[in-house]
Amino acid sequence: MDEIIKSLDNIADAINGDALTTCLSIIFAVVPIALTIITIVLSVRMDKQNQKLQKSIADRDTVNQTRQCVLDIYNAYLDAFHLTGQASGNVADIFVSDQSYYMWANDIDNKSKAVMYAYNRAKLMLNDPQLLETLKNGFDAFSALNGAVKSYIFTGAPTRTIQNAWCIFCQAHPNIQPGNYYALLQDSVMANEFRKLCSNTYTDGIQKNIETYMAIVGNDDFDGKFKKYLQISKSE
């Protein structure tokens, strides 16, 4: 501002001189004013562009954070689906030994917690009734599976079933000692025979719980509800 006033003063002084001096003085006086005005205009324009860029970056970061959170929710349900898929049709195989069913029950419980956290996060983040309903159905189904597994174990029935299975099996195969799982690994026919002895209404019920959860998560409709959050547009 001081520079503009000084330039205007120079113009006023130049008017009092001869024509050439006046012309040159005016030019030298006007140029700083023009440059100052241009500088101000450019500064304002750059400031607006910077604000727009910062907002664009902030919006992009928000979209990316949302996408990652939604992906984490999807993966929690998918991890649980993978675990149930490994056991589907083979539940009795899991309950052929105390070690195997305890390990599997622990995995189920951990996945159940992960699904619960994912569902609660979705409720806080998303305003999507259809997706939330699907997630709730999946959460309820996996919670029911976890409850069924725990209920079976807490009855003590798995251990008694395994002991009875060995008694019956060893009567049919006197050459095999109770607890000789290595012998079962070497003979698929005997392994299948022993597995059937460990099958009961509890394992059948757990299988149904598994199928219920897999039917909810393992279809294109479940994936489709996540696509609008996870697809990356070309403009990004």
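Residues numbered from 1 in each chain as written. Predicted model: local features only at pLDDT ≥ 70, side-chain atom pairs only at ≥ 80, totals over all residues. Heavy atoms only, no water.

Asks: Which residues make up the overall build of the protein chain, and what values go with them?
Replies: Looking only at helices and strands, the protein chain features ten helices and zero strands. In sequence order, the secondary structure elements of the protein chain are arranged as α-α-α-α-α-α-α-α-α-α. Look at the contacts in the protein chain between residues 6 or more apart in sequence, and 74% of them connect residues 24 or more apart. Of the roughly 14,800 Å² of accessible surface on the protein chain, a fraction of 57% belongs to carbon and sulfur atoms. (Helix = DSSP H or I, 4+ residues; strand = E, 2+ residues; numbered from the N terminus. Contact = heavy atoms within 4.5 Å. Areas by Shrake-Rupley, 256 points an atom, 1.4 Å probe, with all protein chains shown as cover.)

Asks: Give a description of the side chain of Asp128 that names residues and reports values.
Replies: Here Asp128 lies in the loop between α4 (98-125) and α5 (129-154). With residues near it in sequence (within four places) discarded, Asp128 still touches Lys228 and Tyr229.

Asks: Go over the environment of Ser151, please, and point to the residues and values.
Replies: Position of Ser151 among the secondary structure elements: in helix α5. Linking Ser151 and Tyr202, residues 51 residues apart in sequence, is a C-alpha distance of 9.2 Å.

Asks: So what's going on with the environment of Thr212? Which residues, and what values?
Replies: Following the sequence through the fold, Thr212 ends up in helix α9 (residues 201-217). We classify Thr212 as partly exposed; its relative accessible area is 43%. (Buried < 20%, exposed > 50% of the residue type's maximum accessible area, 1.4 Å probe, protein only.)

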